[in-house]
Structures are given as C-alpha cells and as structure tokens.
Amino acid sequence: MLVLGTALWLCGCSGMNSENKLVAPVAEKRPHTMSLHGVTRTDDYYWLRDDERKAPDVIDYLERENAYTAARLKPWEPLKQKLFKELTSRLEQDESSVPYRWHNHWYYRRFEAGLEYPVIARSRELNGEEQLLLDVNRRAEGQEFYALGGVSVSPDEQILAFAEDTLSRRIYSVYFKDLATGELLADKLTGVDGRVVWSNDNRYVFYIAKDPQTLLGYQVFRHKLGSPQGEDVLVYEEQDDTFYISLGKSLDESLIVLHHESTTTSEVSLLDANAPLGEFRAFLPREEGHEYSIAKRGDEFFILSNWQATNFRLMKTTAADAGDKRKWQQVLAHDPEVRLEDLLLLDDYLIVQSRSQGLSHIKVYPHTDLSRGYELTFDDPAYVVGLDINPSQHSRELRLYYSSPTTPESIYSYQLDKPGERKLLKQEKVLGDFEPGNYQAERLLIPARDGAQVPVTLVYRKDKFRKDGSNPLYQYGYGAYGHIIEPDFDASILSLLDRGVVYAIAHVRGGEMLGRPWYDDGRLFNKRNSFNDFEDTTRALLDLGYAAPGKVVAAGGSAGGLLMGAVVNQAPGLYLAVAAHVPFVDIVTTMLDESIPLTTNEYDEWGNPNDKPYFDYMLSYSPYDNIRHQAYPHLLVTTGLHDSQVQYFEPAKWVAKLRDYKTDDNLLLLQTDMEAGHGGKSGRFRQFEDTALEYAFFLGLLGLE
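Residues numbered from 1 in each chain as written. Predicted model: local features only at pLDDT ≥ 70, side-chain atom pairs only at ≥ 80, totals over all residues. Heavy atoms only, no water.

Peer 1: Looking at this structure, how should I read the overall build of the protein?
Peer 2: For the protein, the count of helices and strands is 12 helices and 37 strands. Along the first, second and third principal axes, the C-alpha atoms of the protein reach 75 × 55 × 55 Å. Across the 705 residues in the protein, those meeting the buried criterion constitute 59%. When contacts within the protein are restricted to residue pairs at least 6 apart in sequence, long-range pairs at least 24 apart make up 57% of them. (Helix = DSSP H or I, 4+ residues; strand = E, 2+ residues; numbered from the N terminus. Buried < 20%, exposed > 50% of the residue type's maximum accessible area, 1.4 Å probe, protein only. Contact = heavy atoms within 4.5 Å.)

Here is the structure:
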C-alpha cells in the first residue's frame, strides 16, 4: 500500500519546488482583526473572500489547490475512474418515473440512454401516445452547469412553465412554453426562487423574487401572461428576514398557499385561486414558537400544530374559526413518543405519516369513523416510507414510496377500501450483480456520554463482515435543522460494501429522528451534543466489533461539514480520514455578517453571536476558530465557487489555516468546483464524479484499491 500522507512524487505540474517535489500551496497571511464582546480574533485568510468571484489572487490560489489535489491523488486516478464506471453502470439507462394522472393527462419523466437529463412528457391514456413537453438535455446544451427547477402546467394544460439555473446559485429564470405549438412565449421571469403557481383562470402566475445579495426569497409577485416582468405586481413582501417563504396550492386547487417559516415559527397565508387579483390573508397570524401547516377538505381545514404539543397534534376547524385556536377541534392527540410529520387529506380518508423511535409509520383513517384507522406494515429493521405523488383529492388509491438500506426505492399503490392490499408499481433497478440477500441492515441504539440513546443504521455485505473488529467503517452524519438522514437505499455505497466496508449513519441530535426534542437537544446551546453523539457512536462501534481501529473514515456535508470540522478538532486520532463537503466551518464570522446568504434565517438554529452568550458558545466549537497545533486525520475538503448556501471561502480559509497549524504529514486536500454550487456537479452521471473522488480517497487510504 502506498501511503500518500508520507510520499512525494515527481510530476510535471505546478506546485513543485526546485527539486521537483510536490509541495502544498501556502496561502499568504494578511491579518484581518475582528473585535466583539471584548474578544479580538485575527483571521489571516479573510482575504480569500471575494463576493464577485473574480479576484485574480483568489482564483489563482483555488486553482493551485486544485492542481495540488489532482497531483496528490494521481496514483488513485485509475481507482477513481473504476469507481465512476461502477457507480454509473448500476443506473438503468432508460429509467422512467411512474406516471400519475392530473386533470386529463398522465405525466411522467424518463431518461434516454447515455444522456444526463430527463425528458418531461405526458399522454392522454396510460402508456398512450407520448407528447414531449420538455427535453431538458437540449435546454442544458452548452452549459457547464444546469439545474431544472420547478415544472408547472397551467390548469387548462395548455402552457408549461419551467425554471432553470445555469450558475448554481439557486436563482432561477422561468420560461413559458405553448404546448399546442411547442413555441416559447415571450414571457421570461428572472431572479426567482424556481417555482410558479398558477391562478385557476390560466392568466396569472405567482412567484417569489430573491434578493441578489442575501439570496433570500422575500417578495411575492403576480405576473400576467403576455406582459413584461417590469409590470408585475408586488402582492406580498416579507418584513422579517428570519423567515423563508414558499408558494404552493391546496390539493383541491381552490387556494394559493403562501408559507412563512423560521426555525421555530410558521404562518400560512391564503389567496383564492379563482380571484387572483385579491390579497393573501393569514390563516392564523404568526405567534412566536407556534409551528403549523394546513390541509383543506371542503369547508374544513386540518391543522398539524405544535400548540401545546411538542411532537405536534392534529386539529381541525372551519375558515370562520381559523383565527382562534381555542375553537379548533382535536382530531389526533399529542403523543410525546410519536412525531406527527405529514398528512394527506382525501375525500374519504385521512392519511397520517408519523415517526416513532426513529421508524416511519403510515396510518389510514376513514373520515366516517376515525376509530377504524389501520396502519400499513413493513418488515425491514430500518427503512423509510412516505407519501408519493397523490395529485387528486378524490382518489381512493394511495401511493407511497418505500426504501431500506437493502431495498431499492419502490413505489406502491394501496387500495384504501381494502386494507393490506397493495401493488408494486415500480422498483428502482440496480444493474449488475446486485442481490439484496447478500446484504444485512441493522439498527442500534448507542448510549452517548450523557446517557442519550443515539440511533445508528448499519449495513454491510454478509460474506465480507466479521464482528471481530477487523472491518473498515464509513460513518456519515449531519445533525442540524431537524433534517433526518433517512435509512434508505443508496446504490453508490455498494462500492464500499462489496469491498468489506461497513456503512453507518449516526442519527445524532440536531436531526429529528427521535422527534422534536431530539432536534432541540442539538441546536443553540445544545449544539455540542451533535459532535459528542458522533464521536461516541464511533467509539461504541469500535468496542462492539463493527470496526477496526485505524480504519474508520467519516463524511458529512454542509452543516454535516461543521460536524466533521468539530469532530476532527476534538477527537482527531479517532479517524483515519474525513471528507468534509461544502463545510460550514467559520460559523461565528458568518453568523455576524447579515450580507451573507441565509445568515438571518439561522439565528434560531445556531444563535445570534451579537448576543454574548451565543457568541461565547459558538466560538467554543467553531471549527475554524478552534484549529489547534495537533495531528489531524487525512482530510478531503470540497466546495463550489458559486455555492449559495456555504460560501466557498469558508472551506478555503479552513484548509489554509489547517496547513499552518497541523503537525502531521497526512493529506490535506481542497477541491473547488469552479462551475458548481452547493449541490455539486449537475447531471445524472456527472454527479457521480464527486462520489468517485471521495470513495477513491477513502479506499486508497484503506488499501482497498
């Protein structure tokens, strides 16, 4: 095995010294001081921030880091190419989605062999003659990056609206296509969030405009087809910059729905879709700490609410009584052990999605007698199930998606008046020699240092696994915003499992795997629990024989990159290597700068460092501020120059400072995608280039080439 951390290679590329030996780029130190709450911090690499992304010295530094990374990984380039071929060869070349009926057509999307993007299509009859609505491959021609946003058909099914992002900043342009002629209309909307909602007369669309600096969607406009964007009417402006807003439509299509959401508070505003010149009115005005969402059935509204219910309960009311919670009627009571997550409101049935002890549940209730509700059952020890596309409130059929670590994503149809009767409509095909029976999933509860039981999902290949402490371990984590990393199927990790690696997801606090309290225990002044949970999970898996000391690798992205940064500061010797993707590592500086996208929306997640208690706590764990003179694991850090969520300069500065402080000879690599943003490369196949890079890095270090 060739250990990259201690080897030097001859190479005819930049980044060499006079002896032609590979050396890492060294960023110039240009001290920048910041003082607050009596604390002065000096940031030597603050100059790497360039909001225009054009500064020659910044671009030069990033490109030198890219050249260095490519040179250091050159011995594993054949492995990377092999992995890319493996990852893409498992894809069904001409895969298509399950058609769903909306109004008078069956809608679906499909891929054509070898092409990166889908085709959007429909037919009058199921499996009937196809009408091509949009060939995304043609729209993406000539673009280094391309992302399709929302696709929306007018109620009369005559016009298609679709959104595109070609910069990867998640700011979209919307185009309109006449589906009878196939021609684009003159209308074009720019600077929007990627989705439009139609009025029922087919004459207007509503959209959200984004602030070009903060990237926050904060204004709702009404656009009349056939008029220039400059004449659009502002119908709502969000005054509180801690709130996100989004648009949707009720299932019965009678209402346009405007959602307002902060971390801990929400509000819903409604507009009659048949009266688009009217005004949005609040269903229930926002109240600090109250989160709710609604669904409409006839004259009734069903409300998922955390009012006096930490894990939410289900209520109902009429429009007349919506503004007075005391008049709401309880449908399903609060259960401190069960998190109510979602609902689907059909004419005859109420379907509720919930989570208990980390496992998803789907329960069906007839409106005529809620006591006759029944639960759908699933057999895997770890799995995810949820509501699929169900576009008609009149349906007596329910579509669900289901997946587990050993079961590819499956779409099922249930006949609701025949409990237990289901039909498999489609299961994701995994090409090659994949056989589900070769793999085993487990679900463990591992005690953290404070006694909390941390759920862990494990999967491994049976014939490669020995519970004797000899297997390599790949551990993934996120732990923020209440987001749950679901225990679903990922064909990519077969490339790890087939080489004897055990794959683990640590469902640390900060996610909502164990309900809302699990989230609250991992944010604000409880954030350190996320880091401790991840570290304690690793140590326990070693003690239980699932992994070998010295063969543990870990990965996380975005807020999960913060997790990685904190963990390598506090337990660097526990991991052989770590991959931190688009990592949020300079948390104090970023959260003090309201010009940076998304900062103000996140105060309830991390805290506002303008307040000294939050400043002190955040500073105590900020990965960038807590780099120490110590040995670190091998590190692969990736970012995108145009990242709209975590700006590229955070990981760039982090790597520069780590180079100055670390005392080891391990790899420290920064890869900046000069064309992409937060989500990495676009395209069905190209996205696997990033996965192949990470896997080659880990497998090479583990000697599993």
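Peer 1: Can you walk me through the domain arrangement of the protein in this structure?
Peer 2: Much of the literature gives interface size as the accessible area that the parts lose upon coming together. The assigned domain composition of the protein is domain 1 (58-88 + 433-702) and domain 2 (143-290). Distance from the C-alpha centre of domain 1 to the C-alpha centre of domain 2: 34 Å. At the boundary of domain 1 with domain 2, total buried surface from both sides reaches about 1800 Å², with 44% on carbon and sulfur atoms. The interface formed by domain 1 and domain 2 holds 1 salt bridge in total. (Domains from an automatic or database assignment. Buried area = accessible area lost by both parts, 1.4 Å probe. Salt bridge = Lys/Arg side-chain N within 4 Å of Asp/Glu carboxyl O.)

Peer 1: I would appreciate a short explanation of a negative patch on the surface in the present structure.
Peer 2: Residues Glu 409, Glu 428, Asp 488 and Asp 490 make up a contiguous surface patch of negative charge. Mapped onto the elements, Glu 409 comes out in strand 28 (residues 407-415). (Patch = residues over 30% accessible without salt bridge, like charges linked within 9 Å, V, L, I, M, F, W, Y side chains within 5 Å. Areas by Shrake-Rupley, 256 points an atom, 1.4 Å probe, with all protein chains shown as cover. Lys, Arg positive; Asp, Glu negative; His and termini not counted. Charge placed at Lys NZ, Arg CZ, Asp CG, Glu CD.)

Peer 1: I'm lost on the pairing of strand 33 (residues 502-506) in this one. Help?
Peer 2: Successive side chains on a regular strand alternate, one facing one side of the sheet and the next facing the other. Among the 5 residues of strand 33, 5 are classified as buried, and the element is accordingly described as predominantly covered. Burial along strand 33 is two-sided: the face carrying Val 502, Ala 504 and Ala 506 and the face carrying Tyr 503 and Ile 505 are both buried. In terms of strand pairing, strand 31 (residues 453-461) meets strand 33 through 4 bridges, oriented antiparallel. Counted as the bridge partner of Thr 457 is Ile 505 from strand 33. (Pairing = 2+ DSSP bridges.)

Peer 1: How do you make sense of helix 7 (residues 559-570) when you look at a structure like this?
Peer 2: One full turn of an α-helix is made of 3.6 residues, so residues set three or four places apart face in the same direction. An ideal rise of 1.5 Å per residue puts 16 Å on 12 residues; helix 7 measures up with 17 Å between its terminal C-alpha atoms. Helix 7 sits mainly inside the fold: 11 of its 12 residues count as buried. Along helix 7, the residues that are buried comprise Ala 559, Gly 560, Gly 561, Leu 562, Leu 563, Met 564, Gly 565, Ala 566, Val 567, Val 568 and Asn 569. (Expected span 1.5 Å × (residues − 1).)

Peer 1: In this structure, what is going on with empty space enclosed by the protein? I would like to understand it.
Peer 2: Over the atoms rolls a probe the size of a water molecule, and its path tells where empty space is left. Taken as a whole and judged by the stated rule, the model has 4 cavities of 30 Å³ or more. In this structure, the largest cavity encloses a volume near 70 Å³. Surrounding the largest cavity, Tyr 478, Gly 479, His 483, Ile 484, Ile 485, Ala 506, His 507, Val 508, Gly 511, Glu 512 and Met 513 form its lining. Residues belonging to the lining of the largest cavity are distributed by class as follows: 6 nonpolar, 4 polar and 1 charged. Quantified by volume, the second largest cavity comes out at close to 50 Å³. Along the walls of the second largest cavity sit Tyr 46, Arg 49, Asp 586, Thr 589, Thr 590, Asp 593, Ile 596, Phe 649 and Lys 653, which together make up its complete lining. Contributions of two or more residues to the lining of the second largest cavity are made by helix 8 (587-591) and helix 11 (649-661). Grouping the amino acids of the lining of the second largest cavity by side-chain chemistry returns 3 nonpolar, 2 polar and 4 charged. (1 Å grid on protein atoms, 1.4 Å probe; cavity = no way out; pocket = protein on both sides within 12 Å on 5 of 7 lines; lining within 4 Å. Points joined across faces, edges and corners; volume = space filled by probe spheres on them. Nonpolar A, V, L, I, M, F, W, Y, C, P; charged D, E, K, R; others polar.)

Peer 1: Teacher, can you tell me more about the packing of aromatic side chains here?
Peer 2: Working definition: an aromatic ring pair is given by the centre-to-centre distance plus the angle between the planes. A complete count under the given rule lists 30 aromatic pairs for this structure. Between the aromatic rings of Tyr 117 and Tyr 146, the centroid separation amounts to 5.6 Å while the plane-to-plane angle is 75 degrees, which identifies the pairing as edge-to-face. Note that Tyr 117 is positioned in the loop between strand 4 (105-110) and strand 5 (119-123) and Tyr 146 in the loop between helix 3 (136-140) and strand 7 (147-153), a separation of 29 residues in sequence. Both residues of the pair, Tyr 117 and Tyr 146, belong to the buried class. Between Tyr 474 and Phe 698 the ring centres are 5.6 Å apart and the planes differ by 90 degrees, which places this aromatic pair in the edge-to-face class. Here the residue Tyr 474 occupies a position in strand 32 (residues 473-476), and Phe 698 occupies one in helix 12 (residues 688-702), the gap between them amounting to 224 residues. Lying over the aromatic face of Trp 47, Arg 30 brings its terminal NZ or CZ to 4.0 Å of the ring centre. Here Arg 286 stacks its cationic end above the ring of Phe 243, 4.1 Å away from the centre of that ring. (Phe/Tyr/Trp six-rings, centres within 6.5 Å; stacked < 30°, edge-to-face > 60°. Lys NZ or Arg CZ within 6 Å of the ring centre and 35° of its normal.)

Peer 1: What am I meant to see in the pattern of salt bridges here?
Peer 2: Oppositely charged side chains are able to pair whenever their charged atoms sit close together. Applying the stated rule across the entire model yields 45 salt bridges. Ionic pairing is found between Arg 30 and Asp 57, a salt bridge with its closest N-O pair at 3.1 Å. Remark: Asp 57 occurs in helix 1 (residues 56-72) and Arg 30 occurs in the segment before strand 1 (32-36); sequence separation between them is 27 residues. When its relative accessible area of 30% is taken as the criterion, Arg 30 is described as partly exposed. A salt bridge links Asp 533 to Arg 509; the shortest N-O distance between them is 2.8 Å. Here Asp 533, found in helix 6 (residues 528-543), pairs with Arg 509, found in the loop between strand 33 and helix 5 (516-520); they are 24 residues apart in sequence, far enough to count as distant. Counted as one network, the salt bridges with shared partners bring together Glu 291, Arg 516, Asp 520 and Arg 523.

Peer 1: I would appreciate a short explanation of the sheet that holds strand 16 (residues 266-272) in the present structure.
Peer 2: A sheet is described by the order of its strands in space; here 4 strands give the open sequence 14-15-16-17, paired in antiparallel fashion. The strands lining the two open edges of the sheet, one partner per strand, are strand 14 (244-249) and strand 17 (281-282). Where strand 15 (residues 255-261) and strand 16 come together, 7 bridges link them in antiparallel fashion. Bridge assignment links Leu 258 to a residue of strand 16, and that residue is Ser 269.

Peer 1: Could you clarify how one ought to interpret the environment of His 629 in this entry?
Peer 2: With respect to the helices, strands and loops of the structure, His 629 is situated in the loop between helix 10 (612-621) and strand 36 (634-640). Owing to a relative accessible area of 59%, His 629 belongs among the exposed residues under this scheme. If we ignore the near neighbours within four places in the chain, the residues touching His 629 are Asp 660, Tyr 661 and Thr 663. Within the structure, the side chain of His 629 is placed 3.3 Å from the backbone oxygen of Tyr 661, a separation counted as a polar contact. (Polar contact = N/O pair within 3.5 Å; in protein donor to acceptor, adjacent residues only side chain to side chain.)

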